[in-house]
Amino acid sequence: MSSFLIAPSILSADFARLGDDVAKVLAAGADVVHFDVMDNHFVPNLTFGPMVCQSLRDYGIKAEIDVHLMVKPVDALVPAFAKAGADIITFHPEGSDHIDRTLQLIKDSGCKAGLVFNPATPLHYLDYVMDKLDVILLMSVNPGFGGQSFIPGTLDKLRQVREKIDQSGRDIRLEIDGGVKVENIAEIAAAGADMFVAGSAIFSQPDYKTVIDQMRAELAT
Ligand code: DX5
Ligand code: ZN
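Rules and cut-offs
Residues numbered from 1 in each chain as written. Chains lettered and ligands numbered in written order. Predicted model: local features only at pLDDT ≥ 70, side-chain atom pairs only at ≥ 80, totals over all residues. Helix = DSSP H or I, 4+ residues; strand = E, 2+ residues; numbered from the N terminus. Buried ≥ 20, exposed ≤ 12 C-beta atoms within 10 Å, placed from the backbone. Contact = placed C-beta atoms within 7 Å. UniProt positions renumbered as here; feature names shortened; annotations may be inferred. Near = placed C-beta within 6 Å. Nonpolar A, V, L, I, M, F, W, Y, C, P; charged D, E, K, R; others polar. Core = buried A, V, L, I, M, F, W, Y, C linked by C-beta atoms within 7 Å.

**Observations regarding the overall build of the protein**
Part 1: The helix and strand tally for the protein stands at nine helices and eight strands.
Part 2: Taken along the three principal axes of its C-alpha coordinates, the protein extends 45 × 40 × 35 Å.
Part 3: Counting all 221 residues of the protein, 42% fall into the buried class.
Part 4: In the protein, the share of contacts with a sequence separation of at least 24, taken over all contacts with a separation of at least 6, comes to 63%.

**Structural notes on the UniProt feature "binding site: substrate" (unreviewed entry) in the protein**
Part 1: The UniProt record marks Ser9, His68, Gly144, Phe145, Gly146, Gly147, Asp177, Gly178, Gly179, Gly199 and Ser200 with the feature "binding site: substrate" (unreviewed entry), using the residue numbering of this structure.
Part 2: Inspection of the secondary structure assignment puts glycine 147 in the loop between strand 6 (135-139) and helix 6 (154-168).
Part 3: The class of glycine 147 is partly exposed, set by 14 C-beta atoms lying within 10 Å.
Part 4: Examined against the element boundaries, glycine 199 turns out to sit in the loop between strand 8 (195-198) and helix 8 (200-203).
Part 5: For glycine 199, a count of 24 C-beta atoms within 10 Å translates into the label buried.

**Here's the deal with the site of ligand 1**
Part 1: Ligand 1 sits among 21 residues. The nearest are Ser9, Pro143, Gly146, Gly199 and Ser200.
Part 2: For the shell around ligand 1, the elements supplying multiple residues, two or more each, are strand 2 (32-38), strand 8 and helix 8.
Part 3: Taken together, the residues that form the shell around ligand 1 break down as seven nonpolar, 12 polar and two charged.

**A look at the nonpolar core**
Part 1: Formed by 66 residues in total, the largest nonpolar core has its most connected members in Val67, Leu69, Phe81, Ala86, Ile89 and Phe196.
Part 2: Not counting the four nearest positions on each side in its chain, leucine 69 is found in contact with Val37, Val74, Leu77, Ile89, Thr90, Phe91 and Gly95.

Here it is, written out as structure tokens:
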């Protein structure tokens, strides 16, 4: 496995041909499918749930599915997504009344667990749950929509989290989500990220492989 993971956000995929589009982006070299779940409550938009995840599995999608829950409350969806084929489940601390319990629920469901931090959400939650985390996801836009611009202050936050991960000595992925493009991916990697969500940058282009190859070339420099 590459040390850098590219995770296209299917929020920007063609929903009318979702199975084909996901298969196409994986064939183009993507590592992970990023699955953005929005509830029109925690965020002002509405997407898809466990049934769509199950449909991708039934269609034959074998890659890891990284479920990003932008919902409140979180817990009822955890077993549903685990059953529907999720591999990673991440959620926002503001979406759960009992963060430690939700993390444990994800792990007990057989999935990797992660916490997501909005641009203005403080990192102090990490002080108490580092031992339960497989992934830390930093939002570099306010969640709810694809196609927004990367918030530059996230670079400093990435460096802080990278330090915490290194100090912990644990194998925790540092994922970044929002406004990631060929033009900024190298700078984001230099700040410590090793898993890159990209929606519009990939799906807006006719040839997904060209964009993914360009991202990997930037990561190799
Ligand atoms: C935003 C979502 C992101 C989003 C990324 O709420 O969590 O995954 O789709 O889209 P781009 O790459 O277009 O910023
Ligand atoms: Zn996301």
